[in-house]
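# A closer look at the structure
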Amino acid sequence: MSILYKSTRSDAPAVTASRAILTGLSPDGGLYVPTEFPKLGRPLSELASMNYRELAYEIMSKFFTDFTEEELRTCIANAYDSKFDTEKIAPLVKKDGVYYLELYHGATIAFKDMALSILPHLMVTSARKNGVTNDIVILTATSGDTGKAAMAGFADVPGTKIIVFYPHGGVSNIQRLQMATQRGENTYVVAINGNFDDAQTAVKKMFNDKEMAEELSAKGYQFSSANSINIGRLVPQIVYYVYAYCQLLASCEIREGDEINITVPTGNFGNILAAYYAKEMGLPVRKLICASNENKVLYDFFMTGEYDRKREFILTSSPSMDILISSNLERLVYKACGCDPEKNLAFMKNLSETGKYEITPDMREQLADFRGGFASEAENFAGIRELFEKTGYIIDTHTGIANAVYRAYAAETGDTTPTVIASTASPYKFAVSVVGAIAPDKVEGRTDFELIDVLSELGHTKEPAAITDIRTAPIRHKSVVDPENMPDEVRRILGVLS
Ligand SMILES: *Cc1c(COP(=O)(O)O)cnc(C)c1O
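One structure accompanies this document, and this report is about it. Nothing here was measured: the structure is a model prediction, and the numbers come from that model. (Residues numbered from 1 in each chain as written. Predicted model: local features only at pLDDT ≥ 70, side-chain atom pairs only at ≥ 80, totals over all residues. Heavy atoms only, no water.)

### Quick word on the packing of aromatic side chains
Two aromatic rings, taken as a pair, are described by how far apart their centres are and by the angle between their planes. For the record, the criterion: Stacked, edge-to-face and tilted labels apply to pairs of Phe, Tyr and Trp rings (six-membered ring for Trp) whose centres lie within 6.5 Å, assigned for plane angles under 30 degrees, over 60, and everything in between, in that order. The numbering of helices and of strands both runs from the N terminus, where a helix is a DSSP run of H or I of at least 4 residues and a strand a run of E of at least 2. The rule is simple: take the accessible area with a 1.4 Å probe, protein chains only, and divide by the maximum for that residue type; under 20% is buried, over 50% is exposed, in between is partly exposed. The criterion for a charge sitting over a ring is simple: Lys NZ or Arg CZ within 6 Å of the ring centre, and within 35 degrees of the ring normal.
Applying the stated criterion across every chain, the model contains 21 aromatic pairs. Note on F207 and F223: the rings are 5.9 Å apart at their centroids and 85° apart in plane angle, and the pair reads as edge-to-face. Of this pair, F207 sits in helix α9 (residues 196-207) while F223 sits in strand β8 (residues 221-224), placing them 16 residues apart in sequence. According to the relative accessible area criterion, F207 is partly exposed, its value standing at 32%. In this structure F223 comes out as buried when scored by relative accessible area, which is 16%. Joined through ring pairs, the aromatic side chains of F37, F63, F269, Y276, Y277, F301, F302, Y307, F347, Y357 and F370 make up one cluster. Above the plane of the ring of F374 lies K296, whose end atom (NZ or CZ) is 5.2 Å from the centre.

Here it is, written out as structure tokens:
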């Protein structure tokens, strides 16, 4: 069966997977969605004997149908290798009655590694398949985490360069060090005298700059983007939900066909959408619990059917979820309105023009698989601390949101379905907040690295290599530019300055 991808915003002809990966966003501004959902096709008990790479092939080959077996297997082998610090890639651990799916064993110790370690390989393969001979230049504006994970994925991948812009003084010290020490001859990091929005706006402008595209093309380059709406990021995320189920089967925690719940700490709605896609493929999932922090746009949406971004933006200790426009939600809205691009476009137009939209009661019925929840800073911290005191297990502040939301849900509903929580970052990545939750008296007067040592002692775990590395790695990237000079900085980096 061959799967194509069509836009959520028009009836433009559907494209192949490799085209969709290469272009990211549809030219009409819509997101690419598969024309139909392939089924798992084999009993889960059979899939349960596969390792991560084998299962990844099993799932991805059903979506990326224009890739040859060899192409896809090579991408997978290049992605899920010793960059991960465990052979399991995404281990599942049971603590206090809940299963934590640890998605943070990759190069930058956060779940974005799961998709960004394979995206560069999918992209280069897609370019080759479509006769593109230019080198791919990835431009990314980052508020901290995505840029680093993208660079780790693209570093030294032949045929690619990656340029990351971040707000000077606008990221944590650890995040800054992670970026500034990035290795790879094809990686470039530039701090800008501005905030994240300034960086984002300038990057978008460069993507739309036809003249610049021509200049670049003359030198053998073209821009592409690695952001989370790319189906080359979404599809690889389906794998680990099936893998979690398989691990539960293999360890006899459940029997084949038993339902599970999945709780996901959510920002841009990519990770939880992948869990929904897993359900569409036939994975027995009961509830998809969408956990938000105090920026609870999604909670309100699931409660009322109205999406309203016009509200105060709150800075929390789960910064990767501090988002008011969850881009990937568009794919769910599209599905809920019967895959009608016109209807979906009207909602998205309302969103961009008025900051909100409201779906119909019929559409709300389509979303019954989802349950929204949110946790305050205090609830998050209390949950992290309680889990630590009961079990000694330490989770980060993003996973903490899912933990608090799930435990409140279970208490309220009495639902005893086995539940997997997507554990999206290592606690070491957010050591200041995490120590603040479990041992607040130890925070004052200590530096980031001292708090990492405290965490290591409290949890009896060794700090991950990603942390050890930045303690001593040389600073390689020092440029700082004004936002209006970003295009010239890109030209300088690529050697196309006239
Ligand atoms: C990006 C991120 C999230 C949110 O994931 P979405 O796919 O954007 O919903 C949650 N936790 C961490 C640690 C992240 O980096």
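This is not the end of the story, as more comes after the structure.
### Some words on the packing of helix α10 (residues 210-218) against helix α22 (residues 486-494)
Our working rule: To obtain an axis, a line is fitted to C-alpha atoms, over the contacting stretch when the element is a helix, and the angle between two such axes runs from 0 to 180 degrees between their N-to-C directions. Working definition: roughly parallel below 35 degrees, roughly antiparallel above 145 degrees, roughly perpendicular at 65 to 115 degrees, and oblique for all remaining angles. Note on contacts: a residue pair is in contact if any heavy atoms of the two residues lie within 4.5 Å. Polarity classes work like this: nonpolar for Ala, Val, Leu, Ile, Met, Phe, Trp, Tyr, Cys and Pro, charged for Asp, Glu, Lys and Arg, and polar for all others, with Gly in that last group.
α22 packs onto α10 with a crossing angle of 5° between their chain directions and a minimal axis gap of 11 Å. As summarised for this structure, α10 and α22 are arranged roughly parallel, according to the angle between their axes. Where α10 abuts α22, its residues M212, E215 and L216 lie against P487, V490, R491 and L494. Grouping the constituent residues of the contact of α10 with α22 by class yields five nonpolar, no polar and two charged.

### Remarks on the sheet that holds strand β6 (residues 160-167)
Cut-off, in case you're wondering: Any two strands are treated as partners once DSSP identifies two or more bridges connecting them.
Overall, parallel pairing links the five strands, which are arranged β8-β5-β6-β7-β15 in an open sheet. The sheet is open, and its two edges are formed by β8 and β15 (480-481), each paired on a single side. Note: strand β7 (residues 187-192) against β15, two bridges, orientation parallel. Within the sheet, the bridge partner assigned to I192 lies in β15 and is V481. Packing of helix α7 (residues 145-154) onto the sheet brings it into contact with β5 (135-141), β6 and β7, and relative to β6 it is tilted by some 165°. Running over the sheet, α9 touches β5, β6, β7 and β8 and is turned about 150° from β5.

### Topic: the pattern of salt bridges
Spelled out, the test is: Criterion for a salt bridge: a side-chain nitrogen of Lys or Arg within 4 Å of a carboxyl oxygen of Asp or Glu.
The final tally for this structure, using the stated rule, is 27 salt bridges. When the shortest N-O distance is used, the salt bridge between D469 and R183 registers 3.0 Å. Linking D469 in helix α21 (residues 465-472) with R183 in the loop between α8 (173-180) and β7, this pair joins segments that are 286 residues apart in sequence. Through salt bridges with shared partners, one network takes in R42, E46, E58 and K62.

### Section: the nonpolar core
For clarity, the threshold we go by: Only buried Ala, Val, Leu, Ile, Met, Phe, Trp, Tyr and Cys residues count toward a nonpolar core, and they belong to the same one when joined by side-chain atoms within 4.5 Å.
Grouped together as the largest cluster of nonpolar side chains are 112 residues, with contacts concentrated most on Y5, M60, F64, Y241, V242, F269 and Y357. In terms of residue count, helix α11 (residues 231-250) provides more of this core than any other element does, 14 residues in total. Formed by 42 residues, the second largest nonpolar core is a distinct cluster that contains Y100, A431, V434 and I470.

### Topic: the pairing of β5
Condition: The handedness of a crossover follows from its direction of travel: if, with the strands pointing away from the viewer, the path from the first strand over the helix to the second runs clockwise, the crossover is right-handed.
Summarising burial for β5: six of the seven residues are buried, a large majority. Of the strand pairs in this sheet, β5 and β8 are connected by four bridges, and their pairing is parallel. For I138, the partnering residue across the bridge sits in β8 and is S224. Pairing analysis gives six bridges linking β5 to β6, with the strands arranged parallel. Bridge assignment links L139 to a residue of β6, and that residue is I163. Following the backbone out of β5, through α7 and into the adjacent parallel β6, one traces a crossover that is right-handed.

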